[in-house]
Amino acid sequence: MPTKKIIAVTVTYNIDSTFESALQSYLNQVTQVIIVDNSSCQDSRERLVALAKVCGKQVKLIQNSQNLGLAKAQNIGISAALDEGADWLLMMDDDSRAEAQMVAQLSQAVERYALNPRTQIIVPQYQEQGVKREARYVTSSGGRFRFPRFSIDDFSSQPVLENLFIAISSGSLIHASLFREIGLIREAFDIDYLDVDFCLRAIDHGYHIAAVRDAILLHNLGAQTEHRFLGRRFWAWNHSAGRRFTIYRNRTRIWREYLFRFPGFILYDALATMQDLFRILMFEEDRMAKLKAIMKGAAIGLFGAPH
């Protein structure tokens, strides 16, 4: 079998010295890394120039003149990777780390586990840093994506999970042809629900998503805090009011667009919304500002002009 050309795409924003170790964790697992830099901090920009120089041709650095947002920066990197002739693209956050053999485990999964040949997005097991929580995935029961059922599964004794509805972008190995067929990342969303929209578009075109237990990604999901209520554990996300506006604008836009195609996922996300609102009211600060931002974002998502 010919060697697969795997190019990683990483978007950076005002990184510090920890980025180098994150990059080194997967640099030698892929053919090339394309870094698209949105930094406004001059020290960060200079740090990346020096790092790219040390890495030589294995790293291609694209520095934007301003912060273009995550989606647009990802699309710049994706387009560059496609131009370089990538077979697969590995999407990475600037603070995520890959354990040894993560990329090999992902790239060999279709053959090793006899996955559906239309599996075009393969994701790792997420190990969140600072939060003791087992990775769980939203899957379509029985693989019937349009039937309004869903499951929330972990690996248990299974080496692989199939028929995922969604997967976070970081650590995702995506076949290059998928971008050519369904398009790039949705730039109008800017940051939140980019991966949800892309995954649902892929499934809508008849493709599959799978997760591999032995491929490990060390991931950071924001400033989460753990709380206890009535003997149960809850995690608060602590997003700002501005971020809440974006989340709920994009979230309800997804509901509006995909309700009749993926009612199972929309049901899951509506239930997740109820839990999210509970956590905000119970455990977070600036509750009223966040709730106002949520209502404004939801109104635009549900009733505003398509984008």
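For the structure itself, consult the block above.
For every chain, the first residue of the written sequence is number 1, and numbering continues from 1 along that sequence. Residue-level local features of this predicted model are given only where pLDDT is at least 70; pairs of side-chain atoms are given and counted only at 80 or more, and the full residue set underlies all totals for whole chains, interfaces and linings. The basis for the side-chain values is all heavy atoms of the structure; hydrogens and waters are excluded.

Novice: Can you lay out the environment of Val160 for me, pointing to particular residues and giving the numbers?
Specialist: By the element assignment, Val160 lies in strand β9 (residues 160–161). According to the relative accessible area criterion, Val160 is buried, its value standing at 13%. Sequence separation of Val160 and Met91 is 69 residues, and the distance between their C-alpha atoms is 20 Å. Apart from the residues within four sequence positions on either side, Val160 is in contact with Tyr113, Leu115, Phe155, Ala210, Ala211 and Val212. Starting at the N terminus, helices and strands are each numbered in turn, a helix being any DSSP run of H or I of at least four residues and a strand any DSSP run of E of at least two. Each residue is placed in one exposure class: buried if its accessible area under a 1.4 Å probe, protein chains only, is under 20% of its type's maximum, exposed if it is over 50%, and partly exposed if it falls in between. Two residues form a contact once any of their heavy atoms are found within 4.5 Å.

Novice: So what's going on with the state of the cysteines? Residues and values would help.
Specialist: Cysteine sulfur atoms are paired as a disulfide whenever they fall within 2.5 Å. By the definition in use, this model includes zero disulfides. Free cysteine: Cys41, not disulfide-bonded; nearest cysteine sulfur from Cys55 at 19 Å. A residue is classified by how much of its surface remains accessible, and Cys41, at 32% relative accessible area, is partly exposed. According to the relative accessible area criterion, Cys55 is buried, its value standing at 16%.

Novice: Break down the packing of aromatic side chains for me, citing the residues and quoting the values.
Specialist: In summary, the pairing rule links any two rings of Phe, Tyr or Trp, Trp by its six-membered ring, whose centres are within 6.5 Å, and it sorts them by plane angle into stacked for under 30 degrees, edge-to-face for over 60 and tilted for everything else. Under the counting rule described, the total for this entry stands at 11 aromatic pairs. Aromatic rings pair up to connect Phe150, Phe165, Phe265 and Tyr268 into one cluster. Only when the NZ of Lys or the CZ of Arg is both within 6 Å of the ring centre and within 35 degrees of the ring normal is a charge said to sit over the ring. Stacked on the ring of Tyr207, the Lys or Arg Arg118 has its end atom at 4.2 Å from the ring centre. Directly above the aromatic system of Tyr248 lies the positively charged group of Arg251, at a separation of 5.1 Å from the ring centroid.

Novice: Residues and numbers for the pairing of strand β4 (residues 88–93), please.
Specialist: Of all six residues making up β4, five are buried, and the element is well covered by its neighbours. In terms of strand pairing, β4 meets strand β10 (residues 173–175) through three bridges, oriented antiparallel. Within the sheet, the bridge partner assigned to Leu90 lies in β10 and is Leu173. Being paired, for any two strands, means DSSP has found at least two bridges between them.

Novice: Account for a nonpolar patch on the surface, with residues named and values stated.
Specialist: Patches draw on residues past 30% relative accessible area with no salt bridge. Two like charges within 9 Å are joined, as are two nonpolar side chains (Val, Leu, Ile, Met, Phe, Trp, Tyr) within 5 Å. To be clear on the numbers: accessible area is Shrake-Rupley with a 1.4 Å probe, and residue cover counts the displayed protein chains and nothing else. By salt bridge we mean one thing: a side-chain nitrogen of Lys or Arg within 4 Å of a carboxyl oxygen of Asp or Glu. A cluster of nonpolar side chains, contributed by Phe229, Leu230, Leu281 and Met282, occupies part of the molecular surface with about 390 Å² of accessible area. The topology assignment puts Phe229 in strand β12 (residues 225–229).

Limitation: the analysis is restricted to geometry and does not speak to function.
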